[in-house]
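Fold and contact review
These are the residues of each chain, in order.
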Amino acid sequence: MTHRRKLIAGNWKMNKTAADGAALVTELVGTIGKITDVDVVVCPPFTALESVARAIDGSTVKLGAQNLHPESSGAFTGEISAPMLRALFATHVIVGHSERRSLFAETDAFINLKVLAALKNQLRPILCVVESLAEREAGATLKVVQTQLEAGLQGVSKEQMANLVIAYEPVWAIGTGKVATTDQAQEVHAFIRGLLTKLFTEPVAQRVRILYGGSMKPANAPELLAQKDIDGGLIGGASLEARSFVELVNAASAAK
Ligand code: PGA
């Protein structure tokens, strides 16, 4: 079986000023800045990208953005493009987060354009596929995940898949303290990997990292990260404090 290095990505959402963000990552870098067996990415708000980039310089911590616009430039008031993110040394970008889908009405087609724009500009997309409580209760989980994945990955080549990360987010577990059971999470992750085998090839599917996102915390991380197809976490709440985030990175390191 292909060995996949674990990835822990912190999504700060709309939290932290430029100064607060720099202070947080300075603390992180002091503790985990030399860790090499886990990939660590922090995704601050746009306004903190520059100060955080400076604070992580020389460490193994990588910088991600939370969103991008598919176009490179133009009349798109309030938007930020992939080349702009690259100029701030971002290497990753979250695409299609559940909050972007539900609060900002992002469609699968628009999300797909963002994925393609990120890849074209050497940014690694973290493509989120999400599931609501109603969908889970209706037994529609795998179907909605499949639809989002197929639409989001339209036009992505096998080679480009090496630079793409997928995150599975049960919306009912985000910021709620509820967590999908490890079996529920593993089932969906395995389904996603199976789908990637069909859409691409077995070796491609074996290489792609699939993160779990939804109230991952130091207490539940070891069990989740021990699952065969769970390759890391997209962390909201627990990424806002150095202590809990460091514990998650350590859990990923122990689980490898
Ligand atoms: P949470 O957020 O860890 O606060 O539940 C996860 C996410 O939004 O991806």
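Residues numbered from 1 in each chain as written. Predicted model: local features only at pLDDT ≥ 70, side-chain atom pairs only at ≥ 80, totals over all residues. Heavy atoms only, no water.

Looking now at the overall build of the chain. The secondary structure content of the chain amounts to eleven helices and eight strands. Relative to a compact globule of 256 residues, whose C-alpha radius of gyration would be 18 Å, the chain shows 17 Å and is just as compact. With the C-alpha coordinates aligned to their principal axes, the bounding extent of the chain is approximately 45 × 45 × 35 Å. Every one of the 256 residues in the chain was classed for burial, and the buried ones make up 53%. (Helix = DSSP H or I, 4+ residues; strand = E, 2+ residues; numbered from the N terminus. Rg over C-alpha atoms; globule rule 2.2 N^0.38 Å. Buried < 20%, exposed > 50% of the residue type's maximum accessible area, 1.4 Å probe, protein only.)

Moving on, we get to the pairing of strand E6 (residues 165–170). Of all six residues that make up E6, six are buried, and the element is covered over most of its length. Burial along E6 is two-sided: the residues Val165, Ala167 and Glu169 and Ile166, Tyr168 and Pro170 are all buried. Pairing analysis gives six bridges linking strand E5 (residues 124–131) to E6, with the strands arranged parallel. Across the sheet, Ile126 pairs through a bridge with Val165, a residue of E6. Sheet topology places E6 next to strand E7 (residues 209–212); four bridges connect them, and they run parallel. Of the residues in E7, the one forming a bridge with Ile166 is Ile210. (Pairing = 2+ DSSP bridges.)

Around the ligand sit Lys13, His97, Glu169, Ala173, Ile174, Gly175, Gly214, Ser215, Leu234, Ile235, Gly236 and Gly237, and that is every residue in its neighbourhood. Measuring from an oxygen atom of the ligand, one finds a side-chain N or O atom of Lys13 at 2.7 Å. Contact distances for the ligand include 2.7 Å between an oxygen atom and a backbone N or O atom of Ser215. (Near = heavy atom within 4 Å. Polar contact = N/O pair within 3.5 Å; in protein donor to acceptor, adjacent residues only side chain to side chain.)

What follows covers the pattern of salt bridges. Taken as a whole and judged by the stated rule, the model has 14 salt bridges. Across the pair Asp229 and Arg4 runs a salt bridge, and its minimum N-O distance is 4.0 Å. Of the two residues, Asp229 is situated in the loop between helix H10 (221–225) and strand E8 (232–235) and Arg4 in the segment before strand E1 (6–11); the sequence distance between them amounts to 225 residues. The residues Asp229 and Arg4 share a single accessibility class, namely buried. The salt bridge involving Glu50 is made with Arg54; its shortest N-O contact spans 3.8 Å. You can see Glu50 and its partner Arg54 sitting in helix H2 (residues 49–56), four residues apart, about one turn around the helix. Judged by relative accessible area, which is 47%, Glu50 ranks as partly exposed. Several salt bridges share partner residues, and in doing so they unite Arg4, Arg193, Lys228, Asp229 and Asp231 into one network. (Salt bridge = Lys/Arg side-chain N within 4 Å of Asp/Glu carboxyl O.)

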